[in-house]
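Structure assessment
The lines below spell out each chain.
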Amino acid sequence: MLELFSTKWTSMVLHTLLVRHGGTTRTGALHRSLPAISKKMLTQTLRELEEAGALTRTVHPTVPPAVEYALTPLGVQLVEPIELVYDWARRNAAALDALKPRPTSRRRG
């Protein structure tokens, strides 16, 4: 579990795919929903999630090819604890804002 969620983008991609796109969307739409992620990092994250069995990748025979990603039943299960954490974070934003950043953090204190 920790290995799968070791990058910040994994949970964000899964969350966005379910909440903003109903579990299925094309790569470009997902990228527009996560403007801070680079195309390279998005592609890498999607490939890792596909290899883990959390997503399926479908290439539609169009010009240019349209690539669509969809949550698998396992992917939907993985989003459940993410949503609990995100909900907790929304309800406890003040506590999170009060945390002192780690020395290696990019977040401003």
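Please read all numbers here as calculations on a predicted model, not as lab measurements. (Residues numbered from 1 in each chain as written. Predicted model: local features only at pLDDT ≥ 70, side-chain atom pairs only at ≥ 80, totals over all residues. Heavy atoms only, no water.)

Here's the deal with a nonpolar patch on the surface
Taken together, the side chains of Trp88, Leu96 and Leu99 present a nonpolar region at the surface, about 280 Å² in accessible area. Within the fold, Trp88 resides in helix α4 (residues 73–91). By relative accessible area, which is 41% here, Trp88 ends up partly exposed. (Patch = residues over 30% accessible without salt bridge, like charges linked within 9 Å, V, L, I, M, F, W, Y side chains within 5 Å. Areas by Shrake-Rupley, 256 points an atom, 1.4 Å probe, with all protein chains shown as cover. Salt bridge = Lys/Arg side-chain N within 4 Å of Asp/Glu carboxyl O. Helix = DSSP H or I, 4+ residues; strand = E, 2+ residues; numbered from the N terminus. Buried < 20%, exposed > 50% of the residue type's maximum accessible area, 1.4 Å probe, protein only.)

Quick word on the pairing of strand β2 (residues 55–60)
Pairing between β2 and strand β3 (residues 66–71): six bridges, direction antiparallel. Bridging across to β3, Thr56 finds its partner in Ala70. The hairpin formed by β2 and β3 contains five residues between the paired strands. (Pairing = 2+ DSSP bridges.)

With respect to the sheet that holds β2
The strand order across the open sheet formed by three strands is β1-β3-β2, and the pairing between neighbours is antiparallel. Here the strands that pair on one side only, and so sit at the sheet edges, are β1 (24–26) and β2. Ignoring which end each strand starts from, the neighbouring axes of this sheet average 25° apart. Against the sheet, helix α1 (residues 8–19) makes contact with β1, β2 and β3, and its axis sits at roughly 95° relative to β3, the strand it touches most. (Axes fitted to C-alpha atoms, helices over the stretch in contact; angles between N-to-C directions. Contact = heavy atoms within 4.5 Å.)

Structural notes on a negative patch on the surface
Among the surface-exposed residues, Glu3, Glu48, Glu50 and Glu51 lie close enough to one another that they form a single negatively charged patch. With respect to the helices and strands, the residue Glu3 is situated in the segment before α1. When its relative accessible area of 72% is taken as the criterion, Glu3 is described as exposed. (Lys, Arg positive; Asp, Glu negative; His and termini not counted. Charge placed at Lys NZ, Arg CZ, Asp CG, Glu CD.)

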